[in-house]
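# Chain and residue survey
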Amino acid sequence: VSLGEARERVALAPGDVRRVTLPVPAGGGEIRLSPGDSFPVDDAAYVAAPEDAAVDVLLVTNDENRYLTTALSVIEPVELTVVAPPDSVPDPGEDAYDIVLYSNVDADAIRDAHVAAGRDALAAGGGVGIQAGASMPVDAYGDLLLLAPDGMGTNPSLATPVADDLTRDISFPPPERYVRGDLRSGRALVSTADGTPIVATGEQDGGQVLYYGYVESGSSFKYDFEYPIFWKRSVYA
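These numbers come from a predicted model, not from an experiment.

Here the focus is helix α1 (residues 66-73). Among the residues of α1, Leu68, Thr69, Ala71 and Leu72 are the ones counted as buried. For α1, the arc enclosing every buried residue in end-on projection is 160°, short of the 170-degree limit, so these residues lie on one face. The residue sitting at the N-terminus of α1 and contributing the capping side-chain oxygen is Asn65; that oxygen lies 3.0 Å from the backbone nitrogen of Tyr67.

It is worth spelling out the side chain of Asn65 at this point. Looking at the element boundaries, Asn65 is found in the loop between β5 (55-60) and α1. A polar atom in the side chain of Asn65 sits 3.0 Å from the backbone nitrogen of Tyr67. Looking at Asn65, its side chain comes within polar contact range of the side chain of Glu216, at 2.9 Å. For Asn65, the contacting residues outside a window of four places in its chain are Ser103, Asn104, Gln131, Glu216 and Tyr227.

We now examine the layout of surface pockets. By volume, the largest pocket amounts to about 800 Å³. Taken together, 35 residues line the largest pocket, and the ones lying closest to its centre are Val55, Asp98, Ile99, Gly126 and Val235. Class assignment of the residues belonging to the lining of the largest pocket gives a composition of 21 nonpolar, eight polar and six charged. Its volume calculated, the second largest pocket comes out at about 680 Å³.

Two quantities define a packed helix pair, namely the angle between the helix axes and the distance between the axes. Relative to each other, α1 and helix α4 (residues 226-236) sit at 60°, their axes nearing to 9 Å. Of the possible angle classes, the one that applies to α1 and α4 is oblique. Seen along the crossing, α1 lies across α4 with a hand that is right-handed. Across the interface between the two elements, Tyr67, Leu68, Ala71 and Leu72 of α1 pack against Tyr227, Pro228, Trp231 and Val235 of α4. Per-class residue counts for the contact of α1 with α4 are eight nonpolar, no polar and no charged.

Here we take up the side chain of Glu216. With respect to the helices, strands and loops of the structure, Glu216 is situated in the loop between β13 (207-212) and α4. Buried and unpaired, Glu216 has no salt bridge, with Lys222 as the nearest side chain of opposite charge at 4.6 Å. Among residues more than four places away in sequence, those in contact with Glu216 are Asn65, Gln131, Lys222 and Tyr227.

Together, Asp63, Glu64, Asp106 and Asp108 make up a region of like negative charge exposed at the surface. Looking at the secondary structure, you find Asp106 in the loop between β7 (99-102) and α2 (112-123). For Asp106, a relative accessible area of 42% gives the class partly exposed.

Turning our eyes to something else, we now look at α2. With 12 residues, α2 extends 16 Å between its outermost C-alpha atoms, agreeing within 8% with the 16 Å of an ideal straight helix rising 1.5 Å per residue. All of the buried residues in α2 are His114, Val115, Ala117, Gly118, Ala121 and Leu122. For α2, the arc enclosing every buried residue in end-on projection is 145°, short of the 170-degree limit, so these residues lie on one face. Away from its buried face by more than 90 degrees, α2 exposes Asp112 and Ala123. Gly125 lies just past α2 and shows a positive phi near 85°.

Taken together, seven strands build an open sheet; the order of strands is β6-β5-β7-β8-β13-β12-β11 and the sheet is mixed. Each edge of the open sheet carries a strand with a single partner, namely β6 (78-83) and β11 (187-191). In this sheet, adjacent strand axes meet at a mean angle of 15° when their direction is disregarded. Bridge analysis of β11 against strand β12 (residues 197-204) gives four bridges, and the strand direction is antiparallel. By the bridge assignment for β12, Val190 is matched with Val199. Of the strands in this sheet, β5, β6, β7, β8 (127-131), β12 and β13 touch α2, which is tilted by about 140° from β7. Where α4 meets the sheet, it contacts β5, β6, β7, β12 and β13, and its direction lies at approximately 155° from that of β13.

A word on the pattern of salt bridges. In total, this model carries five salt bridges according to the counting rule given. Across the pair Glu30 and Arg32 runs a salt bridge, and its minimum N-O distance is 3.1 Å. Under the relative-accessibility criterion, Arg32 is labelled partly exposed at 31%. In this structure, the salt-bridge partner of Arg119 is Asp143, at a minimum N-O distance of 2.9 Å. Highlighted residues: Arg119 in helix α2 and Asp143 in the loop between α3 (138-141) and β9 (147-154), separated in sequence by 24 residues.

Conventions adopted
- Residues numbered from 1 in each chain as written.
- Predicted model: local features only at pLDDT ≥ 70, side-chain atom pairs only at ≥ 80, totals over all residues.
- Heavy atoms only, no water.
- Buried < 20%, exposed > 50% of the residue type's maximum accessible area, 1.4 Å probe, protein only.
- Helix = DSSP H or I, 4+ residues; strand = E, 2+ residues; numbered from the N terminus.
- Arc of directions from axis to C-beta.
- Polar contact = N/O pair within 3.5 Å; in protein donor to acceptor, adjacent residues only side chain to side chain.
- Contact = heavy atoms within 4.5 Å.
- 1 Å grid on protein atoms, 1.4 Å probe; cavity = no way out; pocket = protein on both sides within 12 Å on 5 of 7 lines; lining within 4 Å.
- Points joined across faces, edges and corners; volume = space filled by probe spheres on them.
- Nonpolar A, V, L, I, M, F, W, Y, C, P; charged D, E, K, R; others polar.
- Axes fitted to C-alpha atoms, helices over the stretch in contact; angles between N-to-C directions.
- Parallel < 35°, antiparallel > 145°, perpendicular 65-115°, else oblique.
- Left-handed = near helix turned anticlockwise from the far one by under 90°.
- Lys, Arg positive; Asp, Glu negative; His and termini not counted.
- Salt bridge = Lys/Arg side-chain N within 4 Å of Asp/Glu carboxyl O.
- Patch = residues over 30% accessible without salt bridge, like charges linked within 9 Å, V, L, I, M, F, W, Y side chains within 5 Å.
- Areas by Shrake-Rupley, 256 points an atom, 1.4 Å probe, with all protein chains shown as cover.
- Charge placed at Lys NZ, Arg CZ, Asp CG, Glu CD.
- Expected span 1.5 Å × (residues − 1).
- Pairing = 2+ DSSP bridges.

Below is the structure:
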């Protein structure tokens, strides 16, 4: 079985099924079974992939969360750029950033260009993620923020997460502190017992939007081995 330059040999008896894992080359390619059999239609299949396999992630933050940056950095294709407003957004080159995340951003420091980077990512089919904070630049985020904030809450109980690829088999602990509020748009995947979204997703302008409602200073989730799994899934959602 071949894909690009990768090859793997398998032995098949009649009726056998085998799983083969091969790296996908930039730009995709043809999966070829060789030698073929008497039914040539299934001897080849085609895989699409971007020419640039890297995932360019921009993290906008005034108080860098090392748990978040570590979780993102260990995702092999991710190329992480961190900017602290009001510093200018680094030029992503010809294309927009694939993902733009906002975490611990000062309302007095964020500029239109930082929000525009997120909107450009959405328009290119990418994603935007906003982490909750005790004070968020709600007006600057506009409709990128899926939650309509209504003060702070403490020690809630959580309802059972909605079945979704993003939340599958992840045990979300109750936050010590959280931002109360109602969902403006999108879908809540993890909520408090009284209905405040803790994790929510939505589609906007051709891309995906994530609301991550754990206030990092009041959350034990960052210590959990499932924390980087959650962020890896979020990057690829």
